[in-house]
Amino acid sequence: MTSYRPLHDGWTVTAVSSTGQLRPVVAGLPAQVPGCVHTDLLAGGLIEDPYLDDNEERLTWVGRTAWAYETTFTWEGTEDERADLVCEGLDTVASVLFNGVELGGTANMHRSYRFPVRHLLREGANTLRVLFDPPYGYAEEQRVALGGRPGAYAEPYQFIRKMACNFGWDWGPTLVTSGIWRPIGIQTWSGARLAEVRPLVTLDGTDGRVEVHVAVERAAEEPLDLTVAVAGVTVTERVPPGERRAVVSLTVPDAEPWWPRGHGGQALHELTVRLGDVDSWTGRIGFRSVRLDQTGGAFTLVVNERPVFVKGFNWIPEDTFPSRLTRERLAERLTQAADAGANCLRVWGGGLYESDDFYDLADELGLLVWQDFPFACAAYPEEGPFRREVEAEAREHVTRLARHAGLALWCGNNENIEGHAEWGWQDKLGDRSWGGGFYYDLLPRVVAELDPTRPYWPGTPYSGAPDLPPNDPSKGTTHIWTVWNTHDYTHYATYEPRFVAEFGFQGPPTYATLRTSVSDEPLTPDSPGVMHHQKAIDGHLKLLRGLGDHLPEPRDFDDWHYYTQLNQARAMTFGVERFRAQAPHCMGTIIWQLNDCWPVTSWAAVDGGGRRKPLWYAVRRAFADRMLAFVGDTVAVVNDTGERWTGELAVVRSSLSGKPLAEQSFPVDVAPRATAAVTLPVALLRPDDPTGEVLVATLDGARTLRMSAEDPAMAYPEAEMDTAVEEIDGGLRVSVTARTIVRELALFPDRLDPRATVDDQLVTLLPGETAVFHVTGGRPDPRALVRHPVLRCLNEPRR
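From a predicted model like this one, the values you see are computed outputs, not experimental measurements.

Basis of the calculations
Residues numbered from 1 in each chain as written. Predicted model: local features only at pLDDT ≥ 70, side-chain atom pairs only at ≥ 80, totals over all residues. Heavy atoms only, no water. Helix = DSSP H or I, 4+ residues; strand = E, 2+ residues; numbered from the N terminus. Rg over C-alpha atoms; globule rule 2.2 N^0.38 Å. Buried < 20%, exposed > 50% of the residue type's maximum accessible area, 1.4 Å probe, protein only. Contact = heavy atoms within 4.5 Å. Areas by Shrake-Rupley, 256 points an atom, 1.4 Å probe, with all protein chains shown as cover. Lys, Arg positive; Asp, Glu negative; His and termini not counted. Charge placed at Lys NZ, Arg CZ, Asp CG, Glu CD. Phe/Tyr/Trp six-rings, centres within 6.5 Å; stacked < 30°, edge-to-face > 60°. Lys NZ or Arg CZ within 6 Å of the ring centre and 35° of its normal. Salt bridge = Lys/Arg side-chain N within 4 Å of Asp/Glu carboxyl O. Pairing = 2+ DSSP bridges. Axes fitted to C-alpha atoms, helices over the stretch in contact; angles between N-to-C directions. Parallel < 35°, antiparallel > 145°, perpendicular 65-115°, else oblique. Left-handed = near helix turned anticlockwise from the far one by under 90°. Nonpolar A, V, L, I, M, F, W, Y, C, P; charged D, E, K, R; others polar. Core = buried A, V, L, I, M, F, W, Y, C linked by side-chain atoms within 4.5 Å. Right-handed = clockwise from strand over helix to strand, strands pointing away. Expected span 1.5 Å × (residues − 1). Arc of directions from axis to C-beta. Disulfide = S-S within 2.5 Å.

J.: Break down the overall build of the chain for me, citing the residues and quoting the values.
T.: When you go through the chain residue by residue, the secondary structure sums to 15 helices and 46 strands. Against the globule reference of 28 Å for 799 residues, the chain gives a C-alpha radius of gyration of 28 Å, in line with a compact fold. Across the 799 residues in the chain, those meeting the buried criterion constitute 59%. A sequence separation of at least 24 residues applies to 69% of the contacts in the chain between residues at least 6 apart. By element, 48% of the accessible surface of the chain is carried by carbon and sulfur atoms, the whole surface being about 29300 Å². Where the 77 positive side-chain charges of the chain centre and where its 110 negative ones centre are 1 Å apart.

Written out as structure tokens, the structure reads:
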């Protein structure tokens, strides 16, 4: 059998040379592997936390420095015929030396590398050294050699196969790092080993089918038995001498299928592959089919022959330094997505192919994964080393990820087709390549060869053909950035999209997260640290402009924080509700974005400290399987369940004091996975008092409200409420009973204790109604929980 020895101990890192201003002397600094230079410097006390204040700006030299990682390990010998050094991830341009002999070079963060070292291993001490060239130096050399290319930012991220957002983004810091970012070790083996296992899994009627493609590396030409087993079915095939590839097919009758969340269970089955008695492989698979319906310009994911309305989030790298991620942290973040009602995550093209843990967790949680290939917001060169590097990484990851039930779509890039067509790139490019050969030729060929079970889409936004305007909402996928950049969020109502793959609105992080990353005193909306943790162009101004007529003008930091978070939640609710109401014409909404890679004001629902912003709670309502929304003169009744939704829709127009002024019931009968629109009569739509009424629609516990005017124009009474706080198992229960209308009630326990969280936010109470909040974690002061600025509402008494 094969054996593996990790080489993660005893590493040091040394600064070899620098084209930047080298601040500290770094020589023989203890290093963590997997890890990176920045985290090693931070652990060694040689730099300040890059996420605090503006420390990031003093660390540019790190990306302009060459680094040497080195370790010495003891080897006691082996009887195996082969020994390979396996590098699962080197970031990025590196030379690997083993006992002084150069094994080879690397130039791709997204690839793994394997080097034979049996002839170099010696009993006793062995030395492994990895020399990293400065990422900036390599990228800038490639730019000079191949000619400049336009992009969203001045940084040279398209000239190196490295996580693009490492060079900064409109939500991320510029922290260009190097290091051994994924495991490294020695694998020994004899006879043969499984070099590649690629299960292609489908569902044919009720039968599960898996076609296991295997590549064998041999040290001896002997016949080998290849045994594949899953769900009680076992098949053995003979691999003759000289053969290095084999395919084994299995059929599992009446297989329990895998479904995306909200459509059924997530049945996963252990697949085992054995190569004689020399090697084995195990992975979980799920039986399901997936295809893309493009009829008439549609973009509909069909899973197990059922159209799925996609309710999703865009996913960016969870940490600027991804080697710090643990399975537990990923599980927390993906569970937050599922708990918000999402059934999909789009892995965005400016980041990574994520870890096995990420895709395993998505399978378990029923989250579909839309996987971008790592290209984003730039024209990419196809010459030089890049075509072979791109093909190598694509082949590796299409093979690696093929087994995952949740993986639903391969996508060529993020916004590069749009950029080439509409951002003026063609005039700047001349006859230079821009990446089109990757998106229209290389990548679809790789996917068609290695993973024909899944659809491929050349990029997003994309309208289905190269000669069409790429961001046409009426075809394929669209990105909507008029809202946030130039238009009020009510502009979402003008769109009739087929599938929205990106749309978003900013809000600041939670107070506790902001306080851990900004040391400003006093904390103000435009204090230096707060402004540094806002990376979007004119982001601060857009936050204030976005309040528009919807919310009052903030008087202080506390108002600014509450109002802008609330406005973010409302903006995305408005968009999601309208796009869902258009189903099946529109069959997907993927919110920009779920997460952050550091503490920052951004479009995320979960901030860089892992805390849920008010947006998250609003999305949970907007993504509910059964949802009501006022859309124009109608109530949209959205039923994303497998059962009919029947009952009486009650709509009441009342005064702010709760007195009914007009009411009517409407019988509804909405088919499974369908929507209906109930048109309201003028008697309900036209208020007697334009600033003093509320319209309420209810059905089977679902509720939606609409005020007769925007909040600043409403004649709200000052909020009066009774509050009670009591200790319960696991935390505190906070009860709020309204004596008047209480608009957008929010509780922010993290202001008292950064460990404290609450189970709900942004609740509007009519007179006599009660809201109950559960606060868990930490030990917040019970009395302070029901005081300003922890407990907020829009019509609170003026201070």
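Moving on, there is more to tell.
J.: So, the packing of aromatic side chains: which residues are in play, and what are the values?
T.: Applying the stated rule across the entire model yields 44 aromatic pairs. Note on Tyr113 and Phe115: the rings are 6.4 Å apart at their centroids and 5° apart in plane angle, and the pair reads as stacked. According to the relative accessible area criterion, Phe115 is buried, its value standing at 9%. For the ring pair Tyr492 and Phe579, a centre distance of 5.8 Å and an interplane angle of 80° mean the geometry is edge-to-face. Remark: Phe579 occurs in helix 13 (residues 557-581) and Tyr492 occurs in the loop between helix 9 (482-485) and strand 31 (500-503); sequence separation between them is 87 residues. For Tyr492, a relative accessible area of 0% corresponds to the buried category. Three or more aromatic residues joined by ring pairs form one cluster here, namely Tyr153, Tyr157, Trp169, Trp171, Trp348 and Trp592. Positioned above the aromatic ring of Phe574, the side-chain terminus of Arg578 is 3.5 Å from the ring centre.

J.: Outline the pattern of salt bridges, supporting the account with residue identities and numerical values.
T.: On inspection of all chains with the given rule, the structure shows 60 salt bridges. For the salt bridge of Glu70 with Arg129, the shortest nitrogen-to-oxygen distance reads 2.9 Å. Here Glu70 is found in strand 4 (residues 65-75), whereas its partner Arg129 is found in strand 10 (residues 124-132), with 59 residues between them in sequence. Judged by relative accessible area, which is 29%, Glu70 ranks as partly exposed. Counted as one network, the salt bridges with shared partners bring together Glu318, Asp319, Arg324, Arg329, Glu332 and Arg333.

J.: Could you give an account of the sheet that holds strand 1 (residues 3-6), with specific residues and numbers?
T.: Pairing is antiparallel in the open sheet, where four strands are placed in the order 1-14-5-9. The open sheet has two free edges, formed respectively by strand 1 and strand 9 (113-116), since each of these has just one partner strand. Ignoring which end each strand starts from, the neighbouring axes of this sheet average 25° apart. The pairing of strand 5 (residues 82-87) with strand 9 spans four bridges and is antiparallel. Bridge pairing in strand 9 links Cys87 to Tyr113.

J.: Can you tell me about the packing of helix 13 against helix 14 (residues 614-622), naming the residues and giving the values?
T.: The geometry of helix 13 relative to helix 14 is characterised by a closest axis approach of 8 Å and an angle of 20° between their N-to-C directions. As far as their axial angle goes, helix 14 and helix 13 are roughly parallel. Judged by the sense of rotation from one axis to the other, the crossing of helix 13 with helix 14 is right-handed. Of the residues in helix 14, those in contact with Gln565, Gln568, Ala569, Met572, Thr573, Val576 and Arg580 of helix 13 are Pro614, Leu615, Ala618 and Ala622. Taken together, the residues of the contact of helix 13 with helix 14 break down into seven nonpolar, three polar and one charged.

J.: So, unusual backbone geometry: which residues are in play, and what are the values?
T.: Excluding glycine, most residues fall at negative phi; most peptide bonds, likewise, are trans. Between Val33 and Pro34 the backbone carries a cis peptide bond, its omega angle lying at 0°. Note that Pro34 resides in the loop between strand 3 (29-30) and helix 1 (37-43). With an omega of 5°, the peptide bond between Ala583 and Pro584 qualifies as cis. Relative to the elements of secondary structure, Pro584 occurs in the loop between helix 13 and strand 32 (588-591).

J.: Describe the nonpolar core, with residues and values.
T.: One broad trend across soluble globular proteins is that nonpolar side chains are buried collectively. In this structure, Trp67, Leu85, Phe313 and Phe373 are the most contacted members of the largest nonpolar core, which totals 184 residues. Excluding anything up to four places from it in sequence, Phe373 contacts Gly349, Tyr353, Ala394, Val398, Trp410, Cys411, Gly412, Asn413, Leu443, Val447 and Tyr456. Ala192, Leu194, Val239 and Ala255 belong to the second-largest nonpolar core, a separate cluster that totals 25 residues.

J.: Describe the side chain of His263, naming the residues involved and giving the relevant values.
T.: Note that His263 resides in the loop between strand 19 (245-252) and strand 20 (269-275). Those residues in contact with His263 that sit more than four places away from it in its chain are Arg306, Pro307, Val308, Asp640 and Arg673.

J.: Before we move on, can you summarise the environment of Leu762 with the specific residues and values?
T.: Along the chain, Leu762 turns up in the loop between strand 43 (757-758) and strand 44 (763-765). Leu762 sits 295 residues away from Asp467 along the chain, and the two C-alpha atoms are 45 Å apart. Contacts of Leu762, omitting those with residues within four sequence positions, involve Leu566, Ala569, Pro614, Arg621, Glu744, Leu745 and Ala746.

J.: For the pairing of strand 27 (residues 368-372), give the residues involved together with the corresponding values.
T.: Residues in a regular strand project their side chains so that they alternate between the two faces of the sheet. Across the five residues of strand 27, five count as buried, placing the element largely inside the fold. On strand 27, burial covers both faces: Leu368, Trp370 and Asp372 on one face and Val369 and Gln371 on the other are all buried. Across four bridges, the pairing between strand 26 (residues 344-347) and strand 27 is parallel. Counterpart to Leu345 in the pairing with strand 27 is Val369. Handedness of the strand 26-helix 4 (residues 356-365)-strand 27 crossover: right-handed. Where strand 27 meets strand 28 (residues 407-411), four bridges bridge the pair, whose relative direction is parallel. Bridging across to strand 28, Trp370 finds its partner in Leu409.

J.: Describe in detail helix 5 (residues 386-401), supporting the description with residues and values.
T.: In a regular helix each residue adds 1.5 Å, so 16 residues correspond to 22 Å; helix 5 covers 22 Å between its end C-alpha atoms and thus fits that length. Among the residues of helix 5, those classed as buried are Phe386, Glu389, Val390, Glu393, Ala394, His397, Val398, Thr399 and Leu401.

J.: Please set out helix 12 (residues 539-547) residue by residue, giving values where relevant.
T.: Residues that lie three or four places apart on an α-helix share one face, since the helix turns once every 3.6 residues. Every buried residue of helix 12 is listed here: Gly539, His540, Lys542, Leu543, Gly546 and Leu547. Projection of helix 12 onto a plane perpendicular to its axis shows the buried side chains occupying an angular sector of 165°, all on one side. Buried positions along helix 12 lie against helix 9, helix 11 (528-532) and helix 13. Two residues or fewer after helix 12 comes Gly548, characterised by a positive phi angle close to 45°.

J.: Lay out the sheet that holds strand 38 (residues 693-699) with the relevant residues and their values.
T.: Taken together, four strands build an open sheet; the order of strands is 36-35-38-39 and the sheet is antiparallel. Two strands in the sheet have a free side with no partner beyond their single neighbour: strand 36 (660-670) and strand 39 (702-707). Averaged over all adjacent pairs, the angle separating strand axes in this sheet is 15°, with direction ignored. Examined bridge by bridge, strand 35 (residues 645-655) and strand 36 share 10 bridges and lie antiparallel to one another. Bridge pairing in strand 36 places Arg653 opposite Ala662.

J.: An account of the state of the cysteines is needed here, citing residue identities and associated values.
T.: Within this structure, the stated rule accounts for zero disulfides. This cysteine, Cys411, is not joined by any disulfide, and Cys344 carries the nearest cysteine sulfur, 11 Å off.

J.: How would you explain the environment of Gly242 if you had to name every residue and give the values?
T.: Tracing the sequence through the fold places Gly242 in the loop between strand 18 (233-239) and strand 19. For Gly242, the residues in contact, after removing those within four places along its chain, are Arg218 and Glu221.

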